[in-house]
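Secondary and tertiary structure notes
Listed below, chain by chain, are the residues.
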Amino acid sequence: MNTKSETGKQPVFFIPHGAGPCFFMDWKPTDTWDLMADFLTGLPSRLPQRPKAILVVSAHWQTSDFGITAGTHPELIYDYYGFPEHTYQLTYPAVGAPILARQIGQLLTDAGLNNHQDASRGFDHGMFIPLKLMFPDADIPVVQLSLRSDLDPKAHLAVGAAIASLRDEGVLIVCSGMSFHNMRGYGDSNFTGPSEVFDEWLTEAVADNTDNRWTALSD
């Protein structure tokens, strides 16, 4: 994750968003999600200035080619299951940004990446759960970008390169997901070891120089 910019260029955040609506529920122990919530709440203080818009790449939206939300007032998609009724009443009335959506689409097209505008797609919980903590006033326009369902690493690296210029225009890019997302295995020692090995590799890969990083993440 980038630290605070000295140039006004918006950073890119890769953030965890917890388990479903976890930050808005009662837990035992009560502080189960406090560290993650504090992390998300503190992220705006790392920004050089208030974002003009936010582009959220959500791990919870996968399409055959890259999808981009293009509606003006997307509804929320409560794509989590088995949680208390009140968590399906959560709100986050951020507006969409159709002009930015078209700009993103053109950037991807120019890079040879097939994509489509989706005016009916809502905001999934990979967007509205963390943003309720990061920007609780919901007063910054948001566009969501899907992952491609084949999860081809090189294609997604190409997307990152294609949209990087948006950072100079005041757009905050937020990649919402986790490097470990087997929630049934969360806390199970059988899964902890392999997860830690992968996380260590991932940390080294993204911190390496550009050529080595590209090669490692392409594999």
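Structure: above.
No experiment lies behind these values; they were computed from the predicted model shown.

Topic: the overall build of the protein
- Of regular secondary structure, the protein possesses six helices and six strands.
- Ordered by position from the N terminus, the helices and strands of the protein form the series β-α-β-β-α-β-α-β-α-β-α-α.
- Over its C-alpha trace the protein gives a radius of gyration of 17 Å, about what one expects of a compact globule, namely 17 Å for 219 residues.
- Projected onto its principal axes, the C-alpha coordinates of the protein cover approximately 50 × 40 × 40 Å.
- For the protein, with 219 residues in total, the buried portion stands at 43%.
- Excluding contacts between residues fewer than 6 apart, the proportion of contacts in the protein whose partners are at least 24 apart in sequence is 80%.
- Carbon and sulfur atoms make up 53% of the accessible area of the protein, which totals about 11600 Å².
- Distance from the positive charge centre (14 side chains) to the negative charge centre (26 side chains) of the protein: 6 Å.

Points about unusual backbone geometry
- Pro-29 follows Lys-28 through a cis peptide bond whose omega is 0°.
- One non-glycine residue, Ala-138, lies in the positive phi region at around 50°.
- Mapped onto the elements of the fold, Ala-138 is located in the loop between helix H3 (125–134) and strand S5 (142–148).
- Of note, Leu-151 is a non-glycine position whose phi angle comes to about 55°, a positive value.
- Looking at the element boundaries, Leu-151 is found in the loop between S5 and helix H4 (153–163).
- By relative accessible area, which is 46% here, Leu-151 ends up partly exposed.

Considering the packing of aromatic side chains
- Applying the stated rule across the entire model yields ten aromatic pairs.
- For the ring pair Tyr-80 and Phe-128, a centre distance of 6.5 Å and an interplane angle of 55° mean the geometry is tilted. A residue pair is termed long-range when its members are at least 10 positions apart, and Tyr-80 in the loop between strand S3 (66–69) and helix H2 (98–110) and Phe-128 in helix H3 qualify at 48 residues.
- The class for Tyr-80 is buried, based on a relative accessible area of 3%.
- Geometrically, the ring pair formed by Phe-198 and Trp-201 is stacked, given 5.8 Å between the ring centres and 25° between the ring planes. One end of the pair, Phe-198, and the other, Trp-201, are both in helix H5 (residues 189–207), three residues apart, so they sit about a helical turn from each other.
- Taking relative accessible area as the criterion, Phe-198 reaches 37% and is therefore assigned partly exposed.
- Ring-pair connections join several aromatic residues into one group, and the members of that group are Tyr-78, Tyr-80, Phe-83, Tyr-88 and Phe-128.
- Lying over the aromatic face of Phe-24, Lys-132 brings its terminal NZ or CZ to 5.5 Å of the ring centre.

What about the pairing of strand S6 (residues 171–176)?
- The buried count for S6 comes to five of six residues, which makes it a mostly enclosed element.
- With four bridges joining them, strand S1 (residues 12–15) and S6 adopt parallel strand pairing. Residue Val-12 lies in a different strand from S6, and its bridge partner there is Ile-173.

A look at the side chain of His-17
- Note that His-17 resides in the loop between S1 and helix H1 (34–42).
- Side-chain polar atoms of His-17 contact the side chain of Ser-176, separated by 3.0 Å.
- Ignoring any residue separated from it by four or fewer positions in sequence, one finds His-17 in contact with Cys-22, Phe-23, Met-36, His-60, His-125, Gly-126, Ile-129, Pro-130, Ser-176, Gly-177, Met-178 and His-181.

Criteria and cut-off values
- Residues numbered from 1 in each chain as written.
- Predicted model: local features only at pLDDT ≥ 70, side-chain atom pairs only at ≥ 80, totals over all residues.
- Heavy atoms only, no water.
- Helix = DSSP H or I, 4+ residues; strand = E, 2+ residues; numbered from the N terminus.
- Rg over C-alpha atoms; globule rule 2.2 N^0.38 Å.
- Buried < 20%, exposed > 50% of the residue type's maximum accessible area, 1.4 Å probe, protein only.
- Contact = heavy atoms within 4.5 Å.
- Areas by Shrake-Rupley, 256 points an atom, 1.4 Å probe, with all protein chains shown as cover.
- Lys, Arg positive; Asp, Glu negative; His and termini not counted.
- Charge placed at Lys NZ, Arg CZ, Asp CG, Glu CD.
- Phe/Tyr/Trp six-rings, centres within 6.5 Å; stacked < 30°, edge-to-face > 60°.
- Lys NZ or Arg CZ within 6 Å of the ring centre and 35° of its normal.
- Pairing = 2+ DSSP bridges.
- Polar contact = N/O pair within 3.5 Å; in protein donor to acceptor, adjacent residues only side chain to side chain.

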